[in-house]
Amino acid sequence: MESVAIIGAGLSGLTLAHLLKGKYNVTVYERDESYSARKQGYRIGINSDGYQVLLSLKNEKLVDFLNQQKLVGFAMVDETDKDLVRFEFGESWIVSRWKLRNMLTEGVEIEWNKKFESYKHENNMVTIQFADGGMVSANYLIGADGVNSQVRKQLAPEIAIQKLPYFQAGFIVPFPTKEQCPKYHDLLQTHLVRVLGPKGSTILLLSMKDQGELIVSPSVQSKEMDFDEFRGFFKEIYSSSECLSILGSISLENKGVELGFLQNSNLASFKANPFPKQGNVFLMGDAAHAMTTHRGLGANTALQDAADLAVAFADKQFERYVDILFSRGVAAVKESQASTEQIHSFDAYKRAWFLKGLGVALAPYMFFKNLLKK
Ligand SMILES: Cc1cc2nc3c(=O)[nH]c(=O)nc-3n(C[C@H](O)[C@H](O)[C@H](O)COP(=O)(O)OP(=O)(O)OC[C@H]3O[C@@H](n4cnc5c(N)ncnc54)[C@H](O)[C@@H]3O)c2cc1C
């Protein structure tokens, strides 16, 4: 049986390992010391594309887990808590990224504490060098090692990660009580909430009510700020909002995502596909196409890559996979960046009118969509 070495036990690497096991000797090499070494305490939204890929793993426990928390819709409000627009999701499963990753670690071979450094080709095989001095050879090498991929740096060095002029952080705070924030307490039971404020600022609120917690992710179009400046900026803008009491509980101790610039890859600027279509080294997920978080496409695109790469392995036809990786990656990077720019760019009231207009335009579509569902 031929061997496949996957670098990175993230969502795409683990999914591919499940899809290939039994047909190839698959080993995942992960730099973390163990599955619990780096707790990633936030939720991600799995859309119907990502859900279909996870369903194809035929794991009932995983399906039960996915179905635990579904959100009905998305609400946008302004900095004084006034509604701007609400719409229903097609379907969205909101899950703990850490728990999802842990479930995917079951049933596949993983070598922890194995930091990939470089590779070289030898006699039709790929020889992989790890930071601890160890080496292995495999028929195929897959770089699923995330946004700062070392495999990508060697395979497609022209793809670079760009810092965008938006400064963001993520915090995990106690879920607000009804007394503290009556509006958000109720709305967050069913909706993901985006607060749009002036000066290009915005806050994402996402429930983790099953844990009694809330994710708060403020971001602003800005130069670099330290934590006190960042918190002060938001407290001033959201002073007439229920958000103020939520913002009062953010601190450096409860951060889930570091304060820093949003990152994106320059993939969208390529006219021609920069990924090699032949050979035995391929990329997937964020390693190939890092994108901003605002459209919630990163994990879903990465999962689709894993499914398509598994199909390519079935008949060793990798060209089509590499074409899809590029075209879907470019589309997702562009869409995510457009979403980031849009939520940061307008003044709040202009956005309100824009979004109200969007709501009116979408109303007949949503009406007929719901009618057809019934
Ligand atoms: C706050 C936040 C919210 C998000 N929300 C959403 C959302 O709602 N919906 C969505 O679709 N996406 C979301 N994303 C994006 C999503 O998490 C990523 O796009 C997705 O995890 C990418 O999967 P991946 O397998 O490519 O990489 P990752 O899941 O990042 O996995 C990469 C793995 O490679 C390992 N690794 C890195 N370097 C090495 C090395 N040298 N050697 C060995 N191992 C290495 C890492 O430790 C990691 O385990 C969000 C991201 C963030 C930060």
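Every chain's residues receive numbers from 1 upward, in the order its sequence appears when written. In keeping with the model being predicted, local features are shown solely for residues with a pLDDT of at least 70 and side-chain atom pairs are shown and tallied solely at 80 or more, while totals for entire chains, interfaces and linings include all residues.

Bringing the overall build of the protein chain into the picture now. Under the scheme used here, helices are H or I runs from DSSP no shorter than 4 residues and strands are E runs no shorter than 2 residues, and both carry numbers assigned from the N terminus. Per the secondary structure count, the protein chain includes 11 helices and 17 strands. The globule rule used here is 2.2 Å times the number of residues to the 0.38 power, and the radius of gyration it is set against is calculated over C-alpha atoms. For 374 residues, the compact-globule estimate of 2.2 N^0.38 gives 21 Å, and the protein chain sits close to it at 21 Å. Once the C-alpha set of the protein chain is aligned to its principal axes, its extents read approximately 65 × 50 × 40 Å. The buried share of the protein chain, reckoned over its 374 residues, is 41%. The burial label depends on the number of other C-beta atoms within 10 Å of a residue's C-beta. Counts of 20 or more mean buried, 12 or fewer mean exposed, and intermediate counts mean partly exposed, with C-beta atoms placed from the backbone.

Moving on, we come to helix α10 (residues 318-345). Expected helix span is computed as 1.5 Å times (number of residues minus one). Here α10 contains 28 residues, and its C-alpha end-to-end distance of 40 Å stays within 8% of the 40 Å for a straight helix at 1.5 Å per residue. For α10, the full list of buried residues reads F318, Y321, V322, L325, G329, A332, V333, S336, Q337, T340, I343 and H344.

Moving on, we come to the environment of A314. Note that A314 resides in helix α9 (residues 298-315). Between the alpha carbons of A314 and F227 there is a distance of 50 Å; along the sequence they are 87 residues apart.

Note on definitions: a residue is near a molecule or strand provided its C-beta atom, placed from the backbone, lies within 6 Å of it. In the vicinity of the ligand there are 33 residues, among which G8, G10, G146, G285 and G298 approach most closely. Of all the elements in the fold, those that place two or more residues in the shell around the ligand are α1 (11-20), β3 (43-46) and α9. With four residues, the top contributor of residues to the shell around the ligand is α9. Residue composition of the shell around the ligand, by class: 13 nonpolar, 13 polar and seven charged. For this classification, the nonpolar set comprises Ala, Val, Leu, Ile, Met, Phe, Trp, Tyr, Cys and Pro, the charged set comprises Asp, Glu, Lys and Arg, and every other residue, Gly included, is treated as polar.

Another aspect to go through is the sheet that holds strand β10 (residues 135-138). Pairing between the strands of a sheet is mediated by backbone hydrogen bonds and can be parallel or antiparallel. Two strands are counted as paired when DSSP detects at least two bridges linking them. A sheet is described by the order of its strands in space; here three strands give the open sequence β8-β9-β10, paired in antiparallel fashion. The open sheet is flanked by β8 (116-122) and β10, the only strands paired with a single partner. In this sheet, neighbouring strand axes are inclined to one another by 25° on average, regardless of whether the strands run parallel or antiparallel. Strand direction decides the pairing type here: β8 and strand β9 (residues 125-130), joined by six bridges, are antiparallel. Residue Y119 lies in a different strand from β9, and its bridge partner there is I128. The axes are straight lines fitted to the C-alpha atoms, using for helices just the contacting stretch, and the angles between their N-to-C directions are given from 0 to 180°.

Our next topic: unusual backbone geometry. Across residues other than glycine, the phi torsion is negative in most instances, and most of the peptide bonds are trans. Non-glycine residue D81 carries a positive phi angle of around 75°. Note on placement: D81 falls in the loop between β4 (73-78) and β5 (83-88). Since 17 C-beta atoms lie within 10 Å of it, D81 is described here as partly exposed.

Once that is clear, we can look at the domain arrangement of the protein chain. In this entry, domain limits derive from an automatic or database-based domain assignment. According to the domain assignment, the protein chain contains domain 1 (3-67 + 95-162 + 265-342) and domain 2 (164-264 + 346-373). Working definition of a contact: two residues with C-beta atoms, positioned from the backbone, lying within 7 Å. Counting from both sides, the interface comprises 13 residues of domain 1 and, opposite them, 12 residues of domain 2. The set of elements that each furnish at least two residues to the side of domain 1 that touches domain 2 consists of β12 (161-174) and α10. No other element matches α10, which puts three residues into the side of domain 1 that touches domain 2. When its residues are assigned to classes, the side of domain 1 that touches domain 2 shows six nonpolar, six polar and one charged.

This next bit is on the packing of α1 against helix α4 (residues 97-105). Packed helix pairs are characterised by how far apart their axes lie and by the angle those axes make with each other. At their nearest, the axes of α1 and α4 sit 9 Å apart, and the two run at 25° to each other. Put simply, α1 runs roughly parallel to α4. As for the relative orientation of α1 and α4, their crossing is left-handed in sense. Of the residues in α4, those touching α1 at L11, L14 and T15 are L100, R101, L104 and T105. Residue composition of the contact of α1 with α4, grouped by class: four nonpolar, two polar and one charged. To sort the angles, those under 35 degrees are grouped as roughly parallel, those over 145 as roughly antiparallel, those from 65 to 115 as roughly perpendicular, and the leftovers as oblique. Definitions for this section: a left-handed crossing has its near helix turned counterclockwise from the far helix by less than a right angle. A right-handed crossing has that turn clockwise.

Our next topic: helix α7 (residues 227-237). Among the residues making up α7, those that are buried are F230, R231, F234 and I237. Taken around the axis of α7, the buried residues stretch over an arc of 135°, which confines them to a single face. Exposed and oriented more than 90 degrees from the buried face of α7 are D228, G232 and E236. Turning to α7, the residues buried within the fold contact β12, β14 (201-208), β15 (213-221), α8 (243-247) and β16 (255-265). Think of the arc as the fan of directions from the helix axis to the C-beta atoms.

This part covers the nonpolar core. Side chains of nonpolar character tend, in soluble globular proteins, to be buried together. One finds I6, L16, L141, I142, M284 and A306 to be the most contacted residues of the largest nonpolar core, which totals 61 residues. Here this core gets eight residues from one element, more than from any other, and that element is α9. In contact with M284, other than residues within four places in its own chain, are S12, L16, I142, A144, A302, D305, A306, L309 and L325. Definition of nonpolar core: a set of buried Ala, Val, Leu, Ile, Met, Phe, Trp, Tyr and Cys residues joined via C-beta atoms within 7 Å. Listed in part, the 37 residues of the second largest apolar core include Y166, I203, V216 and I246.

In this section: the sheet that holds strand β11 (residues 140-143). Spatially, five strands are ordered β7-β2-β1-β11-β17 in an open sheet, and the strand pairing comes out parallel. Single-partner strands in this sheet number two, and they are β7 (110-111) and β17 (281-283). Where strand β2 (residues 25-29) and β7 come together, two bridges link them in parallel fashion. Counterpart to V28 in the pairing with β7 is I110.

Okay, the pairing of β3 next. The side-chain alternation of β3 yields two buried faces, one formed by R43 and G45 and the other by I44 and I46. Where β3 lies against strand β6 (residues 93-96), four bridges are found, and the strand directions are antiparallel. Paired with R43 across the bridge in β6 is S96.

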